[in-house]
Protein chains: 2
Amino acid sequence: MALRTLDSDDASPDDLAARAAWLYYVGGLRQDQIADELGISRQRAQRLVARAVAEGLVKVRIDHPIAECLELERGLRQRFGLVRARVAPRADSGQDALRAIAPFAAAEMERIFAQETPQLIALGTGRTLRAMIDQMQTISAGQHRMVSLIGNVAPDGSASFYEVIMRIADKTGAPHYPMSVPVMARDAEEFATYRNLPHVVSSRALAKEADVTVVGIGQMADDAPLLVDGFITAEELASLRAAGAAGELGGHVFDAEGRYLDHPVNEFMVGVRVPQNQNPVICVAGGVSKIKALRAALKGRLIQGLITDELTAAEILSTS
Amino acid sequence: MALRTLDSDDASPDDLAARAAWLYYVGGLRQDQIADELGISRQRAQRLVARAVAEGLVKVRIDHPIAECLELERGLRQRFGLVRARVAPRADSGQDALRAIAPFAAAEMERIFAQETPQLIALGTGRTLRAMIDQMQTISAGQHRMVSLIGNVAPDGSASFYEVIMRIADKTGAPHYPMSVPVMARDAEEFATYRNLPHVVSSRALAKEADVTVVGIGQMADDAPLLVDGFITAEELASLRAAGAAGELGGHVFDAEGRYLDHPVNEFMVGVRVPQNQNPVICVAGGVSKIKALRAALKGRLIQGLITDELTAAEILSTS
DNA sequence: CCGCGTGATGGGCAAATGCTCACTCAAAGC
DNA sequence: GCTTTGAGTGAGCATTTGCCCATCACGCGG
């Protein structure tokens, strides 16, 4: 009755995709029924649904506290005095770990953003956080503020690909304070310049006050993000390892006990170290390659929350 | 690698179903791959996934503000001064409307429960709210309290089938105050007895203070829930209609202007009317049969929030 | 101890889905 | 004004999924 709005014309690009996906997943129609409903061909319906999935419009969650994961969560909380621990069901390779963890981390972020008391949220960068954001629902949460812990310019001058704060801002509409300078200075002079820029000073001050901090973690093996993304050279990595490096949070490298290293690389990081005060630092990370780094961060009480996958959690608990 | 925890034995009943569903939907594996992974047959994997879906372990949401729905939301807010309005994409029959609305309503409930400041939440009953709850994620939210607006005993003495408060309590772990008396008294004496029961007095007082109230709405046509569920007779319904009845909220019947009727049926309802103070009353309802009732409730400003479907919203806006 | 019923299992097949390919149409470029 | 290019379309076909059925195992009553 009335409402003949989409006879095939009008209707913006993936508006229709969302509608098709909705009919498919929520409405339970078959693709040919959707085709009928929307007056399009079966193939087009199929393509629309596929597109909605590809663009991440379709979010699937499994609502079942798988017993083993719960036990691991409890174990992590007890052993390392964490305030938050979430363990996603098993994932084998590093790639899978990311996909496994992302929805859990996204749910945690949504929980933070759903609070009505305004929060100041500090954010790191990296592949893991990017994957997390892709899984987040858009949620209007203008009462909160977000600040970046770390610069957003790569050594070659490009914007860091794994910058996350802008993307979360898109989803939430929250005001945000990126740290618009390079991640690392190349020498002491540059470092002083960056550190004295007014917006850097204020962002750094803000970041230290964050009510909650969400970061990834970097490993120090040959696939270290700092190396892969071109922030440090292979020589510097070797030197860090010789100095006992076990991992890094926001570019700040620490040893196996979770103590920050006294090393040139650490000196020139423009961003702040994760706060070590009352407010929680939540780390989102998983995969065998990150286990050493996680153990160190947990041991040194650098983080108060961990969102990881089943295998990583089991490994951390079994041997440390 | 390692972690051979579920070689086919252990693993509780639908624990495995959740795991299979997880691998399927989140992990993106095919059913035969899942079968390999878990060491079971392809059919079993298929059955596990189907089971997880059937049991509602799998929650799918489409995250895309379909433009038309947004416009309808804005229209509803402006026209009726609502504080919340959500419109789910089109749904034709009444049955579909329920399926369409439920996920949206569930998201709204989750938003309420995700708040950290303790809330007192008053709840109605009905098919629509039941469908909503089935779509809610389990979420630990012990800080809130819930109270029922309405009795939970059907005229035949059985527990009302569409009771919702217990079920939300299961999902949230929040303390709850059901109103454990019949919905309606049969005469003035019974009425006085029920109303004076201590737990009814306190529940009623609590309900009136609720920070937020969530209810369905009942129509007055021949398929009126009050009639179908046996609370009133066909004669009473006819009499109500003769008196101008347009709909009911929690059993309290009002006319087309949203004014409560002065009628015997209204006199013997043990529960409370939805609060008319600062705090919002959110109505979850959709389908053509409910349009008249919704218009009346909106006109009388009985509700301050509406969660409905596209067709219902369009219809309400186009003619009232 | 044996037969019978109930419920889980895997094989096989039909339905549904997703992919590739050849084609069209329209906008940009020559 | 014609050609090129690329995105979108529908047909046909391979893959995947879901369903039905015969079979099997287990438990219970005779």
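In this text, all values refer to a predicted model and were calculated from it rather than measured experimentally.

What counts and what doesn't
- Residues numbered from 1 in each chain as written.
- Chains lettered and ligands numbered in written order.
- Predicted model: local features only at pLDDT ≥ 70, side-chain atom pairs only at ≥ 80, totals over all residues.
- Heavy atoms only, no water.
- Near = heavy atom within 4 Å.
- Polar contact = N/O pair within 3.5 Å; in protein donor to acceptor, adjacent residues only side chain to side chain.
- Helix = DSSP H or I, 4+ residues; strand = E, 2+ residues; numbered from the N terminus.
- Buried < 20%, exposed > 50% of the residue type's maximum accessible area, 1.4 Å probe, protein only.
- Contact = heavy atoms within 4.5 Å.
- Pairing = 2+ DSSP bridges.
- Right-handed = clockwise from strand over helix to strand, strands pointing away.
- Least-squares fit on C-alpha atoms with pLDDT ≥ 70 in both.

## Section: the protein's contact with DNA strand C
As a matter of local geometry, DNA strand C sits amid A:Y24, A:R30, A:Q31, A:R42, A:Q46, B:S41, B:Q43, B:R44 and B:R47. By atom count, sugar and phosphate contribute 50% of the portion of DNA strand C lying within 4 Å of the protein. At 2.8 Å from a phosphate oxygen of DNA strand C is found a side-chain nitrogen or oxygen belonging to A:Q31. Those elements that place two or more of their residues in the surface near DNA strand C are α3 (42–54) of chain A together with α3 (42–54) of chain B. In terms of residues, the surface near DNA strand C owes the most to one element, α3(B), which gives three residues.

## Some words on the pairing of strand β1 (residues 58–62) of chain B
Buried residues dominate β1(B), accounting for five of its five residues. The side-chain alternation of β1(B) yields two buried faces, one formed by B:V58, B:V60 and B:I62 and the other by B:K59 and B:R61.

## A short note on the environment of A:L237
Residue and element names in this part refer to chain A. Assignment of secondary structure puts L237 in helix α11 (residues 234–242). Judged by relative accessible area, which is 2%, L237 ranks as buried. For the pair L237 and A221, spaced 16 residues apart in the sequence, the C-alpha separation amounts to 8.6 Å. If sequence neighbours within four positions are ignored, L237 has contacts with M220, A221, D222, A224, L227 and I232.

## A closer look at the pairing of strand β5 (residues 176–182) of chain A
Residues and elements named next belong to chain A. Here strand β4 (residues 145–153) runs beside β5; their pairing, made up of four bridges, is parallel. What sits directly across from M146, in β5, is H176. Each parallel crossover has a hand, and for β4 linked through helix α7 (residues 165–172) to β5 it is right-handed.

## Considering the relation of the copies chain A and chain B
Once chain A is rotated about the relating axis by 180° and shifted along it by 0.0 Å, it coincides with chain B to within an RMSD of 0.1 Å. Both copies of the chain, as the preceding transformation shows, are related through a two-fold rotation axis. A symmetric contact is evident, with 100% of the interface residues of chain A recurring at the interface of chain B.

That is the geometry; function is a separate question.
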